[in-house]
Amino acid sequence: MKIGVDIRVLMDKNYSGVSEYAAQLLAAILEQDKESDYRLFYNSWHDLSGRLNVWQRDKAKVISTRWPNKLFNYCLQKSLDYPKLDKLLGDPDIFWSPHFNFTSLKPSTKSVLTVHDLSFLRYPQYFSARQNFWHRALNVKQQLKRASAIVAVSENTKNDIIELADISPEKVQIIYAGS
């Protein structure tokens, strides 16, 4: 099986929260799964290969584009629906996003999206205007509807996904961090 993974959350030098979750889970998956081929995608105007090549393995290949992130995310991925990340990764059987991001995929590509929380939908008044703009631009509800399967990190997150995004409970599986 060929699996595409969005590792853009791992671009920061120091991990916390979602990036720590993604790094630990990806490390465990790559250690245990010796059969599947992994294609790990990131985008950065700066050359981060020295830091992200730690993920390069026999069965895991890091693939990147070199666009400024704002241009790549908002202009290309969101507005032009280009480039198709799955095509860049050699048409994986499934594509995993460990967090919300601008992600252009072919309609036929199966995808899994991990959701850590939807506090920005439940309590937008506690977020800045800039943060609320960003969350609206991400079109989170559409990402949830488009995903083939959704991983929620808690029962509360699953309930929020069902209630706030009108997603079928059968589409959401709870996988606790560290499970």
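Just above, that's the structure.
Figured I'd write up the structure that's included with this text. Computed from a prediction, not measured in an experiment: that's the story for all the values here.

What counts, and at which threshold
- Residues numbered from 1 in each chain as written.
- Predicted model: local features only at pLDDT ≥ 70, side-chain atom pairs only at ≥ 80, totals over all residues.
- Heavy atoms only, no water.
- Helix = DSSP H or I, 4+ residues; strand = E, 2+ residues; numbered from the N terminus.
- Rg over C-alpha atoms; globule rule 2.2 N^0.38 Å.
- Buried < 20%, exposed > 50% of the residue type's maximum accessible area, 1.4 Å probe, protein only.
- Contact = heavy atoms within 4.5 Å.
- Areas by Shrake-Rupley, 256 points an atom, 1.4 Å probe, with all protein chains shown as cover.
- Lys, Arg positive; Asp, Glu negative; His and termini not counted.
- Charge placed at Lys NZ, Arg CZ, Asp CG, Glu CD.
- Pairing = 2+ DSSP bridges.
- Right-handed = clockwise from strand over helix to strand, strands pointing away.
- Arc of directions from axis to C-beta.
- Core = buried A, V, L, I, M, F, W, Y, C linked by side-chain atoms within 4.5 Å.
- Phe/Tyr/Trp six-rings, centres within 6.5 Å; stacked < 30°, edge-to-face > 60°.
- Salt bridge = Lys/Arg side-chain N within 4 Å of Asp/Glu carboxyl O.

Focus on the overall build of the protein chain
Looking only at helices and strands, the protein chain features 8 helices and 7 strands. Here the C-alpha atoms of the protein chain give a radius of gyration of 16 Å, agreeing with the 16 Å that 2.2 N^0.38 yields for 179 residues. Taken over the C-alpha atoms alone, the protein chain extends approximately 45 × 35 × 35 Å along its principal axes. Burial statistics for the protein chain: of 179 residues in total, 44% are counted as buried. If you take every contact in the protein chain between residues at least 6 apart in sequence, the share linking residues at least 24 apart comes to 53%. Approximately 10000 Å² of the protein chain is accessible, and the part contributed by carbon and sulfur atoms is 53%. Separation between the mean location of the 24 positive side-chain charges and that of the 19 negative ones in the protein chain comes to 7 Å.

Describing the pairing of strand β1 (residues 2-6)
Put simply, side chains in a regular strand alternate between the two faces of the sheet. Of all the 5 residues making up β1, 4 are buried; the element is thus mostly covered by neighbouring parts of the structure. The sheet contact formed by β1 and strand β2 (residues 37-43) spans 5 bridges and is parallel. Pairing of Lys 2 across the sheet is with Asp 37, part of β2. Once the chain exits β1 it traverses helix α1 (residues 18-32) before rejoining the sheet at β2, and the crossover so formed is right-handed. Of the pairings in the sheet, the one linking β1 to strand β4 (residues 94-97) comprises 3 bridges and is parallel in character. Paired with Val 5 across the two strands is Trp 96, which belongs to β4.

Topic: helix α8 (residues 155-165)
Buried within α8 we find Thr 157, Lys 158, Asp 160, Ile 161, Leu 164 and Ala 165. Around the axis of α8, the buried residues are gathered within 160° of arc, so they sit on the same side. The exposed set on the far side of α8, more than 90 degrees from its buried face, consists of Asn 156 and Glu 163. Against β5 (110-115), α5 (119-122), α7 (140-146), β6 (149-152) and β7 (172-174) lie the buried residues of α8. Downstream of α8 by one or two residues, Asp 166 has phi in the positive range, about 55°.

Details of the nonpolar core
Grouped together as the largest cluster of nonpolar side chains are 24 residues, with contacts concentrated most on Ile 7, Leu 10, Leu 40 and Trp 55. Going through the elements one at a time, β1, α1, β2 and β3 (60-65) are the ones with two or more residues in this core. Counting residues per element, this core draws most heavily on α1, which supplies 6 residues. Setting aside chain neighbours within four positions, we find Trp 55 in contact with Leu 10, Tyr 15, Ala 23, Leu 26, Ala 27, Leu 30, Leu 40, Ala 60 and Val 62. Core analysis: the second largest hydrophobic core is formed by 18 residues, Val 140, Ala 152, Ile 161 and Ala 165 among them.

Some thoughts on the packing of aromatic side chains
Scanning the entire structure with this criterion turns up 5 aromatic pairs. Ring centres 5.2 Å apart and planes at 85° place the aromatic pair Phe 102 and Trp 134 in the edge-to-face group. Taken together, the residues span a long stretch of sequence, with Phe 102 in the loop between β4 and β5 and Trp 134 in helix α6 (residues 129-138) at a distance of 32 residues. A relative accessible area of 3% places Phe 102 in the buried class. Each residue in the set Tyr 74, Phe 102 and Trp 134 is aromatic and connected to the rest through ring pairs, giving one cluster.

What about the pattern of salt bridges?
If you walk through the whole model with that rule in mind, you get 6 salt bridges. Arg 122 is paired through a salt bridge with Asp 160; the nearest N and O atoms lie 2.6 Å apart. Placement of the pair is Arg 122 in helix α5 and Asp 160 in helix α8, with a sequence separation of 38 residues. Exposure remark for Arg 122: the relative accessible area of 28% places this residue in the partly exposed category. Given the relative accessible area of 9%, Asp 160 is considered buried. Linked through salt bridges whose partners overlap, the residues forming this network are Arg 122, Asp 160 and Glu 163.

Function cannot be inferred from these measures alone, as they are strictly geometric.
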